[in-house]
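These are the residues of each chain, in order.
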Amino acid sequence: MRDNPHHSSSLLSLGLLNFFIYGTTVIFAAFFQLYLQDIGMNKLEIGILISAGPLVSLLAHPFWRLMSDRFHNIRLILLIMLIGLLAIGHLLFRVDTFQMLYIVVLLVFFFQSPLLSQSNSLTLGYATDSNQRFETYRLWGSFGWATAALAAGITIDATGKNGFSLLFSIMLILSISSTLILPSSRYTADMPWVSARQFRQVLKNKYFVLFIVLGLFIAIPNSINALFMPLYISDLGGDRLSVGIAVFLSTLLEMAAFVLLNRYLKNKMTYFIGTLTIVSILFAIRWDLMADAALPVQVIIIQLLHAITFGGFFYVGTRLIGLFLPSSLRAAGQAVYSFMLSGVTGIVAGLLGGFTFQDFGPVIMYQMGVMMTLFAAAGYGALWYHFHKNGYPPAISQPKS
C-alpha cells in the first residue's frame, strides 16, 4: 500500500507527458503554416518548406533510434530532443531572413519529426513495467492533441502571431517537466533493425505492394488537406479559433471510430479490402464537399468526416499488414508502410498541394483529391472482387527459422 501513491504519481506523469507532447505536435502541425503566411510566405513557399520535414525525418528517425539503442535510455534521448526543440524553436521566431528561416526549420524538423515515435517507445516501456495498457496513455495523447488545438486557436487569436511561439514554448517546458519526474524504467525497448533482405521479401508480395501504391492515392490528398486546410479556412475569412475547432472535432471522434472498427469489423481480408473501398469513396465525397465550401463553418463540419475516413484508413491499413505478411516480416512491412504513407506522402503533398493551391486555387486542389481517391476506390474494389472470387493466396511463404 505504501507504494501506491508513488505508482499512481508515475502513471499520472506518463499520461501528462503524452498529453503535452501530442499537444506540442498539433500546435506545430496545425498553426505553423499560418505563422508562415503571416510573415509573408505564399502557398507554394509554405508547401516547399513544410515538405522538407519528411525529408529530414528520413535521417532523423534512424539517428535518434541509434542513440536510443546505444545508450539504452529512451527517456534521456527524449529529454535531449525536447530541450533541443525548445532551444531551436526559440530561435525560429527570431530569424529575420528567409534563408535563415529555412535552415532553422530543418533543425526543428530534426528534433520534432521523431518525437511521437520516441515518446510511444517510452510509453510502451513504462506500460510494460506497470502492466498497464498502452492504449490508455495513447488516449492521453489524443486528448492533448484535441484540447491543445482548441487552446491554441483561442490564444493566437487573442495575442497574435507571438501567441504561437509562447504556447509552443510553454507546452515544451511542460513536456520536459513531465519527462524529468518520471521514475526509472527497466524496459529498454531494444528492437532488431530491419534487414535489406526482409525489405526485399516484403516487396515480393505483389498484393502488399498494390495495397501501398493505392494507399498513396488516399494518403496524398489527406496530407494536402492536413497541411492546407488551416490556410483554406483563413482564406475563407476564418480565424485561428475556427482552425482549432476543426482539429478538435476531428480528433475527438477519431478514437470513437477506432473503438467501433475494432469491435465490429471482422479480421478477414475481404472485409478489410471492402472497407478500404468504402473509405476511399467517402474520402472522395469529403474532398468534393471541401471544394464547394464557402464558409469556415462548412469546413469545420466537413472535418467531422475525418474520423471515419482517416480513422478507417489508418485502422484497416495497420491491420492488413498482419494479414498480408508473416510475423517475421511485419516489422519490415510496417517500415515500408510508414515510409511510403508518411515520408513520401508528406513530400509530395507539400510540393503538389502548394503548387496547386498557389497557381490554381483550393477548388482545383480538392477536386484533384476527388480524382485520386476515386482511382483508389476502383483499385481496391477490383482487389476485393479478386479476393472474393479466388481467396487470398499468400505471395510469399513464412521464412524458415
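The structure reproduced in this document is the subject of the present report. Model, not experiment: these values are computed from the prediction. (Residues numbered from 1 in each chain as written. Predicted model: local features only at pLDDT ≥ 70, side-chain atom pairs only at ≥ 80, totals over all residues. Heavy atoms only, no water.)

### So, the overall build of the protein chain
Logical step 1: When you go through the protein chain residue by residue, the secondary structure sums to 15 helices and 0 strands.
Logical step 2: Computed over the C-alpha atoms, the radius of gyration of the protein chain is 21 Å, within 12% of the 21 Å expected from 2.2 N^0.38 for a compact globule of 401 residues.
Logical step 3: In the protein chain, which comprises 401 residues, the share counted as buried stands at 50%.
Logical step 4: Across the protein chain, every contact between residues at least 6 apart in sequence was considered, and the portion connecting residues at least 24 apart equals 86%.
Logical step 5: As displayed, the protein chain has an accessible area near 18,400 Å², and 67% of this comes from carbon and sulfur atoms. (Helix = DSSP H or I, 4+ residues; strand = E, 2+ residues; numbered from the N terminus. Rg over C-alpha atoms; globule rule 2.2 N^0.38 Å. Buried < 20%, exposed > 50% of the residue type's maximum accessible area, 1.4 Å probe, protein only. Contact = heavy atoms within 4.5 Å. Areas by Shrake-Rupley, 256 points an atom, 1.4 Å probe, with all protein chains shown as cover.)

### Details of the packing of aromatic side chains
Logical step 1: Summed over the entire model, instances satisfying the criterion amount to 28 aromatic pairs.
Logical step 2: Taken together, a centroid distance of 5.9 Å and an interplanar angle of 5° make the contact between Phe211 and Tyr337 stacked. Taken together, the residues span a long stretch of sequence, with Phe211 in helix α9 (residues 206-235) and Tyr337 in helix α14 (residues 330-360) at a distance of 126 residues.
Logical step 3: Residue Tyr337 is classed as buried on the basis of its relative accessible area of 5%.
Logical step 4: Seen in terms of ring centroids, Phe217 and Phe375 are 4.7 Å apart; in terms of plane orientation they differ by 50°. Their pairing is tilted. Here Phe217 is found in helix α9, whereas its partner Phe375 is found in helix α15 (residues 362-390), with 158 residues between them in sequence.
Logical step 5: On the basis of relative accessibility, which here comes to 27%, the residue Phe217 falls in the partly exposed class.
Logical step 6: Residue class for Phe375 comes out partly exposed when judged on its relative accessible area of 46%. (Phe/Tyr/Trp six-rings, centres within 6.5 Å; stacked < 30°, edge-to-face > 60°.)

### Remarks on the pattern of salt bridges
Logical step 1: Applying the stated rule across the entire model yields 3 salt bridges.
Logical step 2: As a salt-bridge pair, Asp235 and Lys43 come within 3.3 Å of each other at their nearest N and O atoms. Of the two residues, Asp235 sits in helix α9 while Lys43 sits in helix α2 (residues 43-71), which places them 192 residues apart along the sequence.
Logical step 3: Exposure remark for Asp235: the relative accessible area of 42% places this residue in the partly exposed category. (Salt bridge = Lys/Arg side-chain N within 4 Å of Asp/Glu carboxyl O.)

### A few points about the environment of Ile88
Logical step 1: Considering the arrangement of structural elements, one finds Ile88 in helix α3 (residues 74-92).
Logical step 2: On the accessibility criterion, Ile88 (17% relative accessible area) is buried.
Logical step 3: Distance from Ile88 to Asn120, taken between C-alpha atoms, is 23 Å for residues 32 residues apart in sequence.

### A closer look at the side chain of Gln37
Logical step 1: Looking at the element boundaries, Gln37 is found in helix α1 (residues 4-38).
Logical step 2: In this structure the side chain of Gln37 is engaged in a polar contact, spanning 3.4 Å, whose partner is the side chain of Ser234.
Logical step 3: With near-sequence residues (within four places) excluded, Gln37 lies in contact with Lys43, Ile46, Leu231, Ser234 and Asp235. (Polar contact = N/O pair within 3.5 Å; in protein donor to acceptor, adjacent residues only side chain to side chain.)

### Here's the deal with the packing of α9 against α15
Logical step 1: Two elements in contact, α9 and α15, have axes whose closest approach is 10 Å; the angle formed by their N-to-C orientations is 155°. In terms of orientation, α9 lies roughly antiparallel with respect to α15. The two elements α9 and α15 meet at a crossing, and its hand is left-handed.
Logical step 2: The residue inventory of the contact of α9 with α15, partitioned by class, reads 22 nonpolar, 6 polar and no charged. (Axes fitted to C-alpha atoms, helices over the stretch in contact; angles between N-to-C directions. Parallel < 35°, antiparallel > 145°, perpendicular 65-115°, else oblique. Left-handed = near helix turned anticlockwise from the far one by under 90°. Nonpolar A, V, L, I, M, F, W, Y, C, P; charged D, E, K, R; others polar.)

### A look at unusual backbone geometry
Note: most residues except glycine have negative phi, and most peptide bonds are trans.
Logical step 1: Its identity is not glycine, yet His72 carries a phi of approximately 50°, on the positive side.
Logical step 2: On the basis of relative accessibility, which here comes to 45%, the residue His72 falls in the partly exposed class.

### Looking at the environment of His306
Logical step 1: With respect to the helices and strands, the residue His306 is situated in helix α13 (residues 306-324).
Logical step 2: Taking relative accessible area as the criterion, His306 reaches 13% and is therefore assigned buried.
Logical step 3: Between the C-alpha atom of His306 and that of Leu282, which follows or precedes it by 24 residues, the distance is 9.7 Å.
Logical step 4: In this structure His306 touches Asn222, Ser250, Glu254, Arg286 and Gly311, once residues within four positions along its chain are discounted.

### Quick notes on a nonpolar patch on the surface
Logical step 1: Taken together, the side chains of Leu252, Leu253, Leu295, Val297, Ile301 and Leu304 make up a nonpolar region of the molecular surface, amounting to roughly 510 Å² of accessible area.
Logical step 2: Structurally, Leu295 is set in the loop between α11 (269-292) and α12 (296-302).
Logical step 3: The class for Leu295 is partly exposed, based on a relative accessible area of 47%. (Patch = residues over 30% accessible without salt bridge, like charges linked within 9 Å, V, L, I, M, F, W, Y side chains within 5 Å.)

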